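The residues making up each chain are set out below.
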Amino acid sequence: MLKVVGSVWALLLGFGLMMLGNGLQGTLLGVRATMESFSVAVTGVVMSGYSVGMVLGSILAPRLIRRVGHIRGFAVLASLASISILAHGLYVDAGVWTAMRILTGICYAGLYVVTESWLNDRSDNETRGQVLSVYMLVCTLGLGAGQFLLNYRDPLQLDLFIIASVIISVGVIPVLLTARPAPSFESAGVMSLKELYRASPLAVVNNGLVGVAHGAIFGFGAVYAASVLPDIGQVPLFLASFLVGSLILQWPIGWLADRVDRRLVIGATAGISLVACVLLLMTPKGGTMYFLIIALLGGAAMPLYSLVIAHANDRLEPDQIVSASGSLVLVAGMGLSAGPVLVGFLMEHFGNGAYFAFIACVFAVVVGFTAWRMMVSEAVRPQDQSPVVEPGIIGTPVAEFNAPEADEYVEALMQDELERLDESQA
C-alpha cells in the first residue's frame, strides 16, 4: 500500500491543497455573507450553488477529461476554481456569488473525478480500500485545516480570497510536474433511478435525505455559526468539529456495519445524530460541551453516506454496482443542493433554532424509513455484505468512470457468488 501511495504522492499533495482552499472558501463565504447582510434565505441559495455545480460537474467533467486528458483537465478545472474564488472577492453580489459557487462545484466535481479515478488506476483490489482511506484522510484534513485560515485575515477584506486562490493554484504544480502517465478510462453506463429504487428503496431515499442533512451542515454551517457563536473566531472550530468526529468514528462504525445488519447501523447512527441535534438546541453555544456534541454529530452523521452506498451494493448484482453509482451521486447531489435552501428558508422565518431542528427532523425521517424497511424486507446476511469503503466526500462522481481493474473486480465478485452457491447446494 505504501508503494502505491508513494507513486501518487504528488496527486495527493495537490488535491490536499485544493481541499485546503475549498475549506477556507466555503467558510469565508458563509461568514462574509452574514457580514454583508445577505438575507438568510438568499445565503441559502448562494451556498447551494456548490452542490448544484457538483451535479452538473458529474455530467460535464467526464466529457472534458475524455477530450483533453487527466492532467490537462485537472489544470483547467483548478484554474477555473482559482478564478471563481477571486470573483467572489471582487464582486460582492448574491447573483455573482451563486454563479461562481456553481462554477466552483463543477470544477471540484472534475477534480474529484481525476483524483479518485487516478487512485483507482494505481491501486489493485488488495490495496484500493486502503488507498482510498488515505485519500479520504487527506481530503478531510485539508477541509478541516482550511477552516482555521479564516482567522488569519479580516473576512471583510480581499486577502482571504487571494490566499484561497493562491493555495489552489499552488496545488496544480505537483500534478503538472508528475512524470507518471495518466490513466485511461471509459465511461460507465448509469442505472435509472426507477431501477435503483426497485433494487433498494432504502438506498435511494436515505441517500437523498443524508444529502439534505449534509448540505445543511456544511452548506450553511458557517452562516449559522456566525449568527449564534459569541466569538466569530469559533466558526472554524464549529465546522472542524464535524470533521474531527468523522475521522474518529468512521472506521469503528464501518467495522460494525460489516458484521451486523447494515440497516441497524444506519438507523442507530441516524438516531444518535437526531439526539445530538436535540442536545445542541439545549446546550449553551460556544462551550466545550457544545463542540463535543458537534463532534458526536459529525461522527455519527458523516459515515451515513458510506453506509447507504454499501447497503445499495448489497442489494445489487455485481455487474450493476458501477452503473448504479451514477444515480446514487445524482440523488445525493439533489439532496445536497436542497439542504442549504431549505434550512435558509426556515431560519429566515423561524430563527436560528430552526437549523438543528431541521437537521433533527431529517434524521428522524431516516430512522423511521429505515425501521419500516427492516420490517418489510429481509436482511442481507453479514457474511454476504460488501465491505464499507470510504467513498470520499458525499456525492463525488468517481463512479462515472470504470477503472481497468473494475472488470476483474466484478468477475471476482461473481466468482465468490458462484462459490457460495456451490457451498449451499453441497
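It should be emphasised that the depicted structure is a prediction, and the values quoted were computed from it without experimental measurement.

**Digging into the side chain of Thr98**
So, point 1. Relative to the assigned elements, Thr98 resides in helix α5 (residues 94-122).
So, point 2. With a relative accessible area of 18%, Thr98 lands in the buried category.
So, point 3. Among all residues touching Thr98, those that are not within four sequence positions of it are Val45, Val46 and Gly49.

**Description of the state of the cysteines**
Any covalent bond linking the sulfur atoms of two cysteines counts as a disulfide.
So, point 1. Enumeration over the complete set of coordinates arrives at zero disulfides.
So, point 2. Take Cys277: it sits in no disulfide, and the sulfur closest to it among the cysteines is that of Cys361, at 9.3 Å.

**A word on helix α12 (residues 288-301)**
So, point 1. Along its 14 residues, α12 runs 20 Å from first to last C-alpha, staying within 8% of the 20 Å computed at 1.5 Å per residue.
So, point 2. Of all 14 residues in α12, ten are buried, a share of seventy percent or more.
So, point 3. Turning to α12, its buried residues number three or more, namely Tyr290, Phe291, Ile293, Ile294, Ala295, Leu297, Gly298, Gly299, Ala300 and Ala301.
So, point 4. On its buried face, α12 is in contact with α9 (201-228), α10 (235-257), α11 (262-282), α13 (304-315) and α15 (354-376).

**Considerations on the pattern of salt bridges**
So, point 1. Counting across every chain of the model gives three salt bridges.
So, point 2. Here Glu36 ties to Arg32 by a salt bridge, and the two come within 2.7 Å at their closest N and O atoms.
So, point 3. Judged by its relative accessible area of 6%, Arg32 falls in the buried class.
So, point 4. Between Arg263 and Asp261 there is a salt bridge, with its nearest N and O atoms 3.2 Å apart.

**Digging into the packing of aromatic side chains**
In this description, an aromatic ring pair is defined by two values, namely the gap between the centres and the angle between the planes.
So, point 1. For the structure on display, the rule yields 14 aromatic pairs.
So, point 2. Consider the rings of Tyr224 and Phe356, whose centres lie 5.3 Å apart with planes at 85°: the pair is edge-to-face. Of the two residues, Tyr224 is situated in helix α9 and Phe356 in helix α15; the sequence distance between them amounts to 132 residues.
So, point 3. Given a relative accessible area of 0%, Phe356 falls into the buried group.

**As for the nonpolar core**
So, point 1. Judged by nonpolar contacts, the single largest core of 104 residues is most densely connected at Tyr108, Phe238, Tyr290, Tyr355, Phe356 and Ile359.
So, point 2. With 16 residues, α9 is the largest single contributor of residues to this core.
So, point 3. The residues contacting Tyr290, other than those within four sequence positions of it, are Tyr224, Val228, Leu229, Phe238, Leu280, Thr283, Pro284, Lys285 and Phe356.

**Describing unusual backbone geometry**
So, point 1. Positive phi values are uncommon outside glycine, yet Ser37 reaches one of about 65°.
So, point 2. Its location among the elements puts Ser37 in the loop between α2 (9-35) and α3 (40-68).
So, point 3. According to the relative accessible area criterion, Ser37 is exposed, its value standing at 64%.

**As for a nonpolar patch on the surface**
So, point 1. Together, Leu90, Tyr91, Leu158, Ile162, Val166, Val170, Ile173 and Leu177 line one region of the surface with nonpolar side chains, adding up to about 760 Å² of accessible area.
So, point 2. The element best represented in the nonpolar patch is helix α7 (residues 159-176), accounting for four residues.
So, point 3. Checked against the element boundaries, Val170 lands in helix α7.
So, point 4. Owing to a relative accessible area of 38%, Val170 belongs among the partly exposed residues under this scheme.

**Re the environment of Phe345**
So, point 1. Mapped onto the fold, Phe345 is located in helix α14 (residues 321-350).
So, point 2. As for Phe345 and Ala41, which are separated by 304 residues in sequence, their C-alpha atoms are 4.8 Å apart.

**Some words on α2**
So, point 1. The terminal C-alpha atoms of α2, which comprises 27 residues, lie 39 Å apart, in line with the 39 Å expected from a rise of 1.5 Å per residue.
So, point 2. A large share of α2 lies buried, amounting to 22 of its 27 residues.

**Some words on the environment of Ser241**
So, point 1. Of note, Ser241 is situated in helix α10.
So, point 2. C-alpha separation for the pair Ser241 and Leu297, spaced 56 residues apart in sequence, amounts to 9.0 Å.
So, point 3. Apart from the residues lying within four places of it in its own chain, the contact partners of Ser241 are Phe291, Ile294 and Ala295.

**A few points about the packing of α9 against α13**
So, point 1. Running from N to C, α9 and α13 cross one another at 165°; their axes reach a closest spacing of 9 Å. Taken as axis vectors, α9 and α13 run roughly antiparallel relative to one another. Viewed along their axes, α9 and α13 form a crossing whose handedness is left-handed. Residue-level inspection shows Leu202, Ala203, Asn206, Asn207, Val210 and His214 of α9 in contact with α13, the latter providing Leu304, Tyr305, Val308, Ile309, His311 and Ala312.
So, point 2. When its residues are assigned to classes, the contact of α9 with α13 shows eight nonpolar, four polar and no charged.

Cut-off values and rules
- Residues numbered from 1 in each chain as written.
- Predicted model: local features only at pLDDT ≥ 70, side-chain atom pairs only at ≥ 80, totals over all residues.
- Heavy atoms only, no water.
- Helix = DSSP H or I, 4+ residues; strand = E, 2+ residues; numbered from the N terminus.
- Buried < 20%, exposed > 50% of the residue type's maximum accessible area, 1.4 Å probe, protein only.
- Contact = heavy atoms within 4.5 Å.
- Disulfide = S-S within 2.5 Å.
- Expected span 1.5 Å × (residues − 1).
- Salt bridge = Lys/Arg side-chain N within 4 Å of Asp/Glu carboxyl O.
- Phe/Tyr/Trp six-rings, centres within 6.5 Å; stacked < 30°, edge-to-face > 60°.
- Core = buried A, V, L, I, M, F, W, Y, C linked by side-chain atoms within 4.5 Å.
- Patch = residues over 30% accessible without salt bridge, like charges linked within 9 Å, V, L, I, M, F, W, Y side chains within 5 Å.
- Areas by Shrake-Rupley, 256 points an atom, 1.4 Å probe, with all protein chains shown as cover.
- Axes fitted to C-alpha atoms, helices over the stretch in contact; angles between N-to-C directions.
- Parallel < 35°, antiparallel > 145°, perpendicular 65-115°, else oblique.
- Left-handed = near helix turned anticlockwise from the far one by under 90°.
- Nonpolar A, V, L, I, M, F, W, Y, C, P; charged D, E, K, R; others polar.

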